[in-house]
Protein chains: 2
Amino acid sequence: MLWPMRRTMYCGSVREEHIEQKVVLEGWVNRRRDLGGLIFLDLRDREGIVQVVVDPGSPCYRQADRLRSEWVIRVEGLVRARPLEQVNPKIATGQVEVEAQQLEVLSEAKTLPFQIDAGWRGEEDPKVAEEVRLRHRVVDLRRKRLHENLRLRHKLITAIYRFLDGEGFVSVETPFLTRSTPEGARDFLVPSRLEPGSFYALPQSPQLFKQMLMVAGYDRYFQIARCFRDEDLRADRQPDFTQLDLEMSFVTQEDVLALNERLAAYVMKETLGVDVPLPFPRLTYAEAMNRYGSDKPELRFDLELVDVTEAFRGGEFRAFAEVETVKALVVPASLSRKEIEGLEALAKSKGAAGLAWAKREHGAWSGGIARFIPESLGQRLEVGEGETVLFVAGVWRPSVEGLGAVRLELGRRLGLIGPGYAFAWVVDFPLLEWDQENARWTYMHHPFTSPNLDDLEHLETDPARVRALAYDLVFNGSEAGGGSIRIHRRDLQERMFALLGISAEEAQEKFGFLLEALSYGAPPHGGIAWGLDRWVANMTEEDSIREVIAFPKNKEGKETLTGAPSPVDPAQLAVLGLALKE
Amino acid sequence: MLWPMRRTMYCGSVREEHIEQKVVLEGWVNRRRDLGGLIFLDLRDREGIVQVVVDPGSPCYRQADRLRSEWVIRVEGLVRARPLEQVNPKIATGQVEVEAQQLEVLSEAKTLPFQIDAGWRGEEDPKVAEEVRLRHRVVDLRRKRLHENLRLRHKLITAIYRFLDGEGFVSVETPFLTRSTPEGARDFLVPSRLEPGSFYALPQSPQLFKQMLMVAGYDRYFQIARCFRDEDLRADRQPDFTQLDLEMSFVTQEDVLALNERLAAYVMKETLGVDVPLPFPRLTYAEAMNRYGSDKPELRFDLELVDVTEAFRGGEFRAFAEVETVKALVVPASLSRKEIEGLEALAKSKGAAGLAWAKREHGAWSGGIARFIPESLGQRLEVGEGETVLFVAGVWRPSVEGLGAVRLELGRRLGLIGPGYAFAWVVDFPLLEWDQENARWTYMHHPFTSPNLDDLEHLETDPARVRALAYDLVFNGSEAGGGSIRIHRRDLQERMFALLGISAEEAQEKFGFLLEALSYGAPPHGGIAWGLDRWVANMTEEDSIREVIAFPKNKEGKETLTGAPSPVDPAQLAVLGLALKE
């Protein structure tokens, strides 16, 4: 008879108000200690731990004596106050304990590959290599921190549902087995058995489906959508990831921004109790790049880039005299030559030509390129005694991005990044960028993004100056969301395809269904997608999104718990009309 | 300047209280009529249509005169009461109309492939072949009925979130790219590019992941989960489908049933305003089969099967004298011979040996097998004058299932099925069934289902009599959900695998991660999965789940809107280490 008796509450929910009450608890033995003839058990469930005391005179003493860590038990007992000297302020149940009267073992446990009990006691869990944690993810998932992260994720998602439902959004599920349209990232393919030689693709995003829902009049759509991109894995990327995807009809960019700000403020309040001031700061793409060297600037510290192009223009320092841009960064520290070399390598990895430097010592420039620096610049840059100034010079974008990376690294290293949460919009992205390699214009967001209608006349004549109605939501220096107003007229969409070098035939072949949809009367519409994994990681202050995903892939795209991917039976391939290539 | 002005409300939301107000509306021209020099537009958005009147003297008359069906426009105007004789009680805005003052065309439209305007006027949309509807799904999705279906689906899902969040359930996302474990249905495979020759599988359900979440202490989990099964398509099956998947720890079967009943009652009330009485009726598997010839009985009409085995046992009618079972169905109608022949074909398609019959005419048996029927049976079966009795005889299961199919068909044909919603639980399924073909025991639900512990002693000695702790939720004669209490002890799981003929090596290879998880201390747990597509179809009284999915596959598994599946570039296959077989 295992299950007839029911728990009366969670272990972690026992409080002083329950003193003198009889309770039934079920959970895991977080730790067992024997002291003065008594057995002390920390009994754990997802709400926390509670101390269970087994007296040698108790009828369940012999059973309790068998218990080991992580056994699953049921305990019936009486709640009582802990003796004053045993009160534990580190845990919520620290005022009380449960005197065991009956005890039942529901399941035994072997020794865990690593310990997870400390976190539940309010202490630090031991560090364990990530590969080991992922291989034993079931054990790892018992850690308090992962419980907290996944429950916060749940709170975020339910808050999103509440808010958007209240705003008239309709959640609609879009297909997972869809058509491969190889642009942007690489598709994951799914062979069709009913039509051997044909393939479905897993969706990179519900972009076109949500646009079609707008054309069909659904007006306000959202979905917590899993998306798939078969890209080479970087440190913090998963082959599948989760988006909050939303789209609205009859809106301007302002409407989308305003709604998403309110949504962000709502979820921050509901999940973390944090008040986020509205509206969010807005930066144009040009501002963000010029001031922070990034289109997703970390705004929890200042340390802005300063444009000093004119100060060097035509001057004696040849390297700075005729370049497109020269930017300076005043670092509130005296950096060693070795540190500067490391930072230069970082700047170069972003494409900068190099990293020049000088210091301000005894009221004058010294070291590095000191002798080339106009004296007046010291005052203008407000350089303090002993501080270092770093310079990049060259082509605008790689230069500012190089110095932007240095800025961020120094922000971390010097502890400049404040606590809290910083949101901002980056707007006015260029619609197109010149693809050097293929000598053609390519889209910066995607080919369905609307040009700013004020710039429409330049679309063919001067594509570089056309701004997109596109926007990114920046959250603590990461791109937490991105979206745009879409093209809703077939003629403009066709112009856009033509500009991108997509022939009419190719457009028809790949996007015929979209063009067809646009020709049946489409409303102006736009939307956004939030990267939910990154959102939760920012909210929980985790570096890696793997800490906020229950069963993530490792850095090689493998899920080592179950062992995916894996070879399959050749018969499974045969029915798909496929063979492995030697 | 297209977008600066904003709509002030939805078209379908204009009411008498807005009379004398200036409104801005945006939407589609549902219909245009010209009457007495005036132009009447039905302007449509997702909330409904409203009549817009353009006077020849209006400054926007010339623009209005260009308008055609499905153009997207913005209108500014004054709300006024309709003349009494023009009031239209069929639509919610039927008391009012909008006198247009300004008008802007946002997008033109070509003629639709089929008409969708009638439904919005409260009339019937013309019937269109499903293949045409699916190919032009964007147009089809404009129909009012699909709007209603998808919005009900949204309401259902938000109600589920509200209820389960309130009950302490945590939504957790489980992997989409997972390991292939071919048992049950066939997996959809996803070739890995980073590890050519290896494959991910799309999940058939999150079953094992949710069990691992229980082992990790998450206690109450749910997910609206997309699942994938590469099965041969039947009329109403999609290769991917949506489940409400949930799991609970430290529970008995009673707990799972009670919670799900409350959830079902809650969502029926929140979405349809329907009160569902609790608790749901419960039938054992044996009862359901014996009385209704189905393990998912349609309970909105009676017409029960009656066991008459004993009445024929050892009698002169050889075909009925020595069989396992004889069942009768008293049909409140006089069926023609041709009708009976059709029903017999149906019964045989379910495996029944045949369908015998007789009628009661002038107080005596006549026709068919009349002369073999004991006279007393007429009274016992309460056969009325002119009614037909149908019989099946033979092996129990195919016989009752054959007559069960006949029962359901007659229920439909004779209009016996009442309106409303009938829920029931079917419990006490057999744990195992004998697989004739492979001469071995196989599981009825899945290999992780717990035996009823009262029957545990018979597991190896008399497997047929072991009941499972498994349950199905039946909703209007369809299996709307199914679940079980799971095995939570490694030793019992290993016994189960052995019984199923899965060797220890094979178990380790396929389910090693589960066995490992169970060995770290697992709580008793169980759960259920609801088939959400079928739920919504039942709620909206649609026969096909394709009517409640935004972008469904057709009966051949194709998504004809975008054209999936499709051939792919050979280069895409090459990087996956794959080649098409000739």
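All of these numbers come straight from a predicted model, not from anything done at the bench. Numbering of residues starts from 1 in every chain and runs along the sequence as written. Each chain gets a letter, beginning with A, and each ligand a number, beginning with 1, in the order they are written. Local features in a predicted model are, by the rule used here, given only for residues with pLDDT of at least 70; side-chain atom pairs are given and counted only at 80 or more, and totals for whole chains, interfaces and linings are based on all residues. No hydrogens and no water enter the side-chain calculation; it runs on all heavy atoms of the structure.

**Student:** I would appreciate a short explanation of the overall build of chain A in the present structure.
**Tutor:** Counting from the N terminus, the helices are DSSP H or I runs at least four residues long and the strands are E runs at least two residues long. Helix and strand counts for chain A come out as 16 helices and 23 strands. Structurally, chain A occupies a C-alpha span of about 90 × 75 × 55 Å along its principal axes. Partly exposed residues are those whose accessible area sits between 20% and 50% of the maximum for their type, while under 20% is buried and over 50% is exposed, using a 1.4 Å probe and protein chains only. Counting only residues that meet the buried cut, chain A has 59% of its 582 residues in that class. A separation threshold of at least 6 residues defines the contact pool for chain A, and within that pool the share at least 24 residues apart is 67%. Only the protein chains shown count as cover for residues, and the accessible areas themselves come from Shrake-Rupley with a 1.4 Å probe. As presented, chain A carries roughly 23,100 Å² of accessible surface, and 48% of it is formed by carbon and sulfur atoms. Positive: Lys, Arg. Negative: Asp, Glu. His and the chain ends are not part of the count. For this purpose, a charge sits on NZ of Lys, CZ of Arg, CG of Asp or CD of Glu. Taking the 74 positively charged and 90 negatively charged side chains of chain A as two groups, their mean positions are separated by 4 Å. The contact criterion used throughout is that any non-hydrogen atoms of two residues lie within 4.5 Å.

**Student:** Is there a simple way to explain the sheet that holds strand β22 (residues 525-531) of chain A in this structure?
**Tutor:** Each strand in a sheet pairs with another by means of backbone hydrogen bonds, the pair being arranged parallel or else antiparallel. Residue and element names in this part refer to chain A. In spatial order, the strands read β6-β9-β10-β22-β21-β20-β17-β11; together these eight strands make up an open sheet with mixed pairing. The sheet terminates laterally at β6 (170-171) and β11 (282-284), the two strands that pair on one side only. To obtain an axis, a line is fitted to C-alpha atoms, over the contacting stretch when the element is a helix, and the angle between two such axes runs from 0 to 180 degrees between their N-to-C directions. Strands in contact with helix α4 (residues 144-166) are β6, β9 (220-228) and β10 (240-249); relative to β9, the strand with the most contacts, it is inclined by about 150°. Each of β9, β10, β17 (423-427), β20 (470-475), β21 (478-485) and β22 is contacted by helix α15 (residues 532-540), which is oriented at about 50° to β22, the strand it contacts most. The rule for pairing is simple: two strands pair if DSSP sees at least two bridges between them.

**Student:** So what exactly am I meant to see when it comes to the packing of aromatic side chains here?
**Tutor:** Aromatic rings from Phe, Tyr and Trp, taking only the six-membered ring of Trp, are treated as a pair when their centres fall within 6.5 Å; an angle between ring planes under 30 degrees marks them as stacked, one over 60 as edge-to-face, and anything in between as tilted. Going through the model one piece at a time under the given rule, you end up with 53 aromatic pairs over all chains. A centroid spacing of 6.4 Å and a plane angle of 70° characterise the contact between Tyr285 of chain B and Trp396 of chain B, whose relative ring orientation is edge-to-face. Within this pair, whereas Tyr285 of chain B is found in helix α7 (residues 285-292), its partner Trp396 of chain B is found in helix α12 (residues 396-413), the two being separated by 111 residues in sequence. For Tyr285 of chain B, a relative accessible area of 6% puts it in the buried group. Owing to a relative accessible area of 21%, Trp396 of chain B belongs among the partly exposed residues under this scheme. One aromatic cluster in this structure is built from Phe280, Tyr421, Phe423, Trp425, Tyr471, Phe475, Trp530 and Trp535 of chain A. Looking at Arg360 of chain A, its charged tip hangs above the ring of Trp365 of chain A, at a distance of 5.1 Å from the centre. A cation over a ring is seen here: Arg407 of chain B above Phe301 of chain B, with NZ or CZ 3.9 Å from the ring centre. We call a charge positioned above a ring when the Lys NZ or Arg CZ atom is no farther than 6 Å from the ring centre and deviates by at most 35 degrees from the ring normal.

**Student:** Where do I start with the domain arrangement of chain A in this structure?
**Tutor:** Interfaces are often described in size by the accessible area the parts lose on coming together. Here the domain parsing of chain A yields domain 1 (11-121), domain 2 (148-282 + 424-548) and domain 3 (301-417). Boundaries between domains were set according to an automatic or database domain assignment. The C-alpha-based centres of domain 2 of chain A and domain 3 of chain A are spaced at 36 Å.

**Student:** Can you help me understand the nonpolar core in this one?
**Tutor:** Across soluble globular proteins, you tend to see nonpolar side chains buried next to one another. What we call a nonpolar core is a set of buried Ala, Val, Leu, Ile, Met, Phe, Trp, Tyr and Cys residues that are connected through their side-chain atoms within 4.5 Å. Ranked by internal contacts, the top residues of the largest apolar core, which has 86 residues, are Leu164, Leu246 and Trp535 of chain A together with Leu164, Leu246, Trp530 and Trp535 of chain B. Setting aside its immediate chain neighbours within four residues, Trp535 of chain B contacts Leu156, Ala264, Val267, Met268, Phe423, Leu473, Phe475, Ala480 and Trp530 of chain B.

**Student:** What should I look at first to understand the side chain of His18 of chain A in this one?
**Tutor:** All names here are of chain A. Tracing the chain through its elements places His18 in the segment before β1 (22-35). Its relative accessible area of 12% is what places His18 among the buried residues. Residues adjacent in sequence count toward polar contacts only when both atoms are side-chain atoms; beyond that, a polar contact is any pair of N or O atoms within 3.5 Å, and within protein one must be able to donate a hydrogen and the other to accept it. Here the side chain of His18 touches Arg15 through a polar contact of 2.9 Å, landing on its backbone nitrogen. Look past the residues within four positions of His18 in its chain and what remains in contact with it is Met9, Ser13 and Val79.

**Student:** Is there a simple way to think about the pattern of salt bridges in this case?
**Tutor:** Pairing between side chains of opposite charge can happen when their charged atoms approach one another. Each reported salt bridge corresponds to a side-chain nitrogen of Lys or Arg within 4 Å of a carboxyl oxygen of Asp or Glu. Here the structure, examined in full by the defined rule, presents 117 salt bridges over all chains. For Glu433 of chain A, the salt bridge identified is with Arg397 of chain A, shortest N-O distance 2.8 Å. Of the two residues, Glu433 of chain A is situated in strand β18 (residues 432-435) and Arg397 of chain A in helix α12 (residues 396-413); the sequence distance between them amounts to 36 residues. Taking relative accessible area as the criterion, Arg397 of chain A reaches 32% and is therefore assigned partly exposed. With its nearest N and O atoms 2.6 Å apart, the salt bridge here joins Glu270 of chain B to Arg162 of chain B. Pair noted here: Glu270 of chain B is in helix α6 (residues 253-272) and Arg162 of chain B is in helix α4 (residues 144-166), with a separation of 108 residues, a long-range link. Its relative accessible area of 36% is what places Glu270 of chain B among the partly exposed residues. According to the relative accessible area criterion, Arg162 of chain B is partly exposed, its value standing at 37%. Within the structure, one salt-bridge network assembled from shared partners comprises Arg133, Arg137, Asp140, Arg143 and Glu547 of chain A.

**Student:** So what exactly am I meant to see when it comes to the relation of the copies chain B and chain A here?
**Tutor:** The two chain copies are related to each other by a rotation about an axis together with a translation along it. Each copy superposes on the other: chain B lies on chain A with an RMSD of 0.1 Å after a rotation of 180° and an axial shift of 0.0 Å. Here the symmetry operator amounts to a two-fold rotation axis. Most of the interface of chain B is mirrored in chain A, where 100% of its interface residues again form contacts. Copy-to-copy superposition: least squares on the C-alpha atoms, limited to residues that have pLDDT of at least 70 in both copies.

**Student:** Please clarify how the UniProt feature "binding site: L-aspartate" (unreviewed entry) in chain A should be interpreted in this entry.
**Tutor:** All names here are of chain A. UniProt positions are given in the numbering used here, feature names are shortened, and annotations may be inferred rather than shown by experiment. Per the UniProt annotation, the sites labelled "binding site: L-aspartate" (unreviewed entry) are Glu183, Arg229, His445 and Arg486. Here Arg229 shows up in the loop between β9 and β10. You can call Arg229 partly exposed: its relative accessible area is 28%. If near-sequence neighbours (up to four positions away) are discounted, Arg229 is found in contact with Ala185, Arg186, Phe188, Gln204, Ser205, Pro239, Phe241 and Gln243. By the element assignment, Arg486 lies in the loop between β21 and α13 (490-499). In this view, Arg486 contacts Gln207, Lys210, Gln211, Glu247, His446, Phe448, Ser450, His525, Gly526, Gly527 and Ile528; residues no more than four positions away in its chain are not counted. In terms of polar contacts, Arg486 uses its side chain to reach the side chain of Glu247, at 2.8 Å.

**Student:** Hey, could you run me through the environment of Glu479 of chain B in this one?
**Tutor:** All names here are of chain B. When you line up the elements, Glu479 lands in strand β21 (residues 478-485). On the basis of relative accessible area, Glu479 is assigned to the partly exposed category, the value being 44%. Note: C-alpha distance between Glu479 and Asp295 (184 residues apart in sequence) is 8.4 Å.

**Student:** Can you help me understand α7 of chain B in this one?
**Tutor:** Residues three or four positions apart in an α-helix share a direction because the helix packs 3.6 residues into each turn. Residues and elements named next belong to chain B. Buried residues of α7: Tyr285, Ala288, Met289 and Tyr292, and no others. In a view along the axis of α7, the buried residues occupy a sector of 105°, so they form one face of it. Elements in contact with the buried residues of α7: β11 (282-284), α12 and β17 (423-427). Just downstream of α7 lies Gly293, where phi reads positive at about 65°. The directions from the helix axis to the C-beta atoms form the arc being described.

**Student:** Just to check I follow, could you spell out the UniProt feature "binding site: ATP" (unreviewed entry) in chain A for this structure?
**Tutor:** Residues and elements named next belong to chain A. According to UniProt, the positions carrying the feature "binding site: ATP" (unreviewed entry) are Arg229, Asp230, Glu231, Gln238, Glu479, Gly531, Leu532, Asp533 and Arg534. When near neighbours in sequence (up to four residues on either side) are disregarded, Glu479 contacts Lys296, Asp472 and Leu473. The residue Gly531 is located in strand β22 in this model. By relative accessible area, which is 24% here, Gly531 ends up partly exposed. In this structure Gly531 touches Thr242 and Ala480, once residues within four positions along its chain are discounted.

**Student:** In this structure, what is going on with the packing of α4 of chain A against helix α6 (residues 253-272) of chain A? I would like to understand it.
**Tutor:** Packed helices, taken two at a time, are described by the angle their axes make and the gap between the axes. Residue and element names in this part refer to chain A. Two elements in contact, α4 and α6, have axes whose closest approach is 9 Å; the angle formed by their N-to-C orientations is 135°. Here α4 is positioned oblique relative to α6, judged by the angle of their axes. The two elements α4 and α6 meet at a crossing, and its hand is right-handed. Contacts between α4 and α6 involve Leu152, Lys155, Leu156, Ala159, Ile160, Arg162, Phe163 and Leu164 on the former and, on the latter, Leu259, Arg262, Leu263, Tyr266, Val267, Glu270, Thr271 and Leu272. Residue polarity is assigned by list, with Asp, Glu, Lys and Arg as charged and Ala, Val, Leu, Ile, Met, Phe, Trp, Tyr, Cys and Pro as nonpolar; anything else, Gly included, falls into the polar class. Classifying every residue of the contact of α4 with α6 gives 11 nonpolar, one polar and four charged. Reported orientations rely on four angle classes, namely roughly parallel under 35 degrees, roughly antiparallel over 145, roughly perpendicular from 65 to 115, and oblique for the rest. In this scheme, a crossing is called left-handed if the near helix is turned counterclockwise away from the far one by less than a right angle; it is called right-handed if the turn is clockwise.

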